[in-house]
Amino acid sequence: MKFSIITLFPQLINAYISESIIKRAIEKNKIVIEIIDLRNFGINSHNQVDDYQFGGGKGMVLMVEPVVKAINSVKTADSLVILTSPQGKTWNQKLANQYRVQEKHLIIVCGHYEGFDERILDYVDLEISIGDYVLTGGEIASLILIDSIARLVDGVIAQESHQNDSFENDLLDHPVYTKPVEFENKVVPQVLLSGHHANIEKFRQQGRIKNTYNKRPDLLKEENLSIEDLKYLQELKNTKGE
């Protein structure tokens, strides 16, 4: 899968993709990340990419011409063009899975400054927001999109590592523990030390349900739960999540 990021701050992107899982995914040719410096498409001798907004108001606005030129420089028939914007559709795990399966090439335009010329929207397929807040630029948002998709690509991480992630199957992840077994009188649940795989899986599934019920009850979809899961959920309701 290929990602093309159109940005004014290529070094910011480079710093992130040069580390950890994303770096290894690139080295193993599981994903390709292309960084396009918007300044290379600026107008006049100053490579200008932004200007004051018509009608007055504070803040600089990204100009339509440099952005469109940058998009066209990498766009193909397989491309989906995304603009990071607080006005866009809110990103979530389902969308990450959807684009991992359906798309071959994502072009991500990093929004910036006070905003962008409205005409840019005629050249993108959708706007994406990572939450109901405003950032100084879209670079962080673009990296969140790439990270959340790339880890789902076959061979980037072990499949079982993300199958039970939070938000998969409309549940949060179960609690996890590591050494030491005891710390300040707080002990790892004995079932995890038992080696009994069926009991461990039951414990983890109940942990997923309990975490979701207590922290994000809006995610719970009872129609997706087994009879045993529904019985446990009722117990949680009777004890108010204890």
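All residue numbers refer to position in the chain's written sequence, counted from 1. With pLDDT at 70 or above as the cut-off, local features in this predicted model cover only qualifying residues; side-chain atom pairs require 80 or more to be listed or tallied, and sums for whole chains, interfaces and linings still use all residues. With hydrogens and water stripped out, all remaining heavy atoms of the structure feed into the side-chain values.

- You'll find the protein entered in an unreviewed UniProt entry as tRNA (guanine-N(1)-)-methyltransferase, with Spiroplasma culicicola AES-1 given as the organism.
- UniProt positions are given in the numbering used here, feature names are shortened, and annotations may be inferred rather than shown by experiment. Here the protein is described in UniProt, under the heading Catalytic activity (unreviewed entry), as follows: "guanosine(37) in tRNA + S-adenosyl-L-methionine = N(1)-methylguanosine(37) in tRNA + S-adenosyl-L-homocysteine + H(+)".
- Of the protein, the UniProt comment under Subcellular location (unreviewed entry) reads exactly: "Cytoplasm".

## Section: the pattern of salt bridges
Consideration 1: Any Lys or Arg side-chain nitrogen located within 4 Å of an Asp or Glu carboxyl oxygen qualifies as a salt bridge. For the structure on display, the rule yields 9 salt bridges.
Consideration 2: Between Lys69 and Glu65 there is a salt bridge, with the nearest N and O atoms lying 3.0 Å from each other. With Lys69 and Glu65 both in helix α3 (residues 64–74), this residue pair falls 4 residues apart, about one helical turn.
Consideration 3: The partly exposed category is assigned to Lys69, whose relative accessible area is 39%. In this text, helices come from DSSP runs of H or I with a minimum length of four residues, and strands from runs of E with a minimum of two, each type numbered from the N-terminal end. Buried residues are those whose accessible area, probed at 1.4 Å on protein chains only, stays under 20% of the maximum for their type, while exposed residues exceed 50% and partly exposed ones sit between those limits.

## A short note on the domain arrangement of the protein
Consideration 1: Domain assignment breaks the protein into domain 1 (2–159) and domain 2 (169–241).
Consideration 2: Computed over C-alpha atoms, the centres of domain 1 and domain 2 are 37 Å apart. Each domain's extent is set by a domain assignment, obtained either automatically or from a database.

## Observations regarding the sheet that holds strand β3 (residues 50–52)
Consideration 1: Pairing between two strands requires that DSSP report at least two bridges joining them. Read across the open sheet, the 3 strands follow the order β3-β4-β7; overall the sheet is mixed. Each edge of the open sheet carries a strand with a single partner, namely β3 and β7 (115–116).
Consideration 2: Two strands pair when backbone bridges link them, and strand β4 (residues 60–62) and β7 are joined in this way by 2 bridges, in the parallel orientation. For Leu62, the partnering residue across the bridge sits in β7 and is Phe116.

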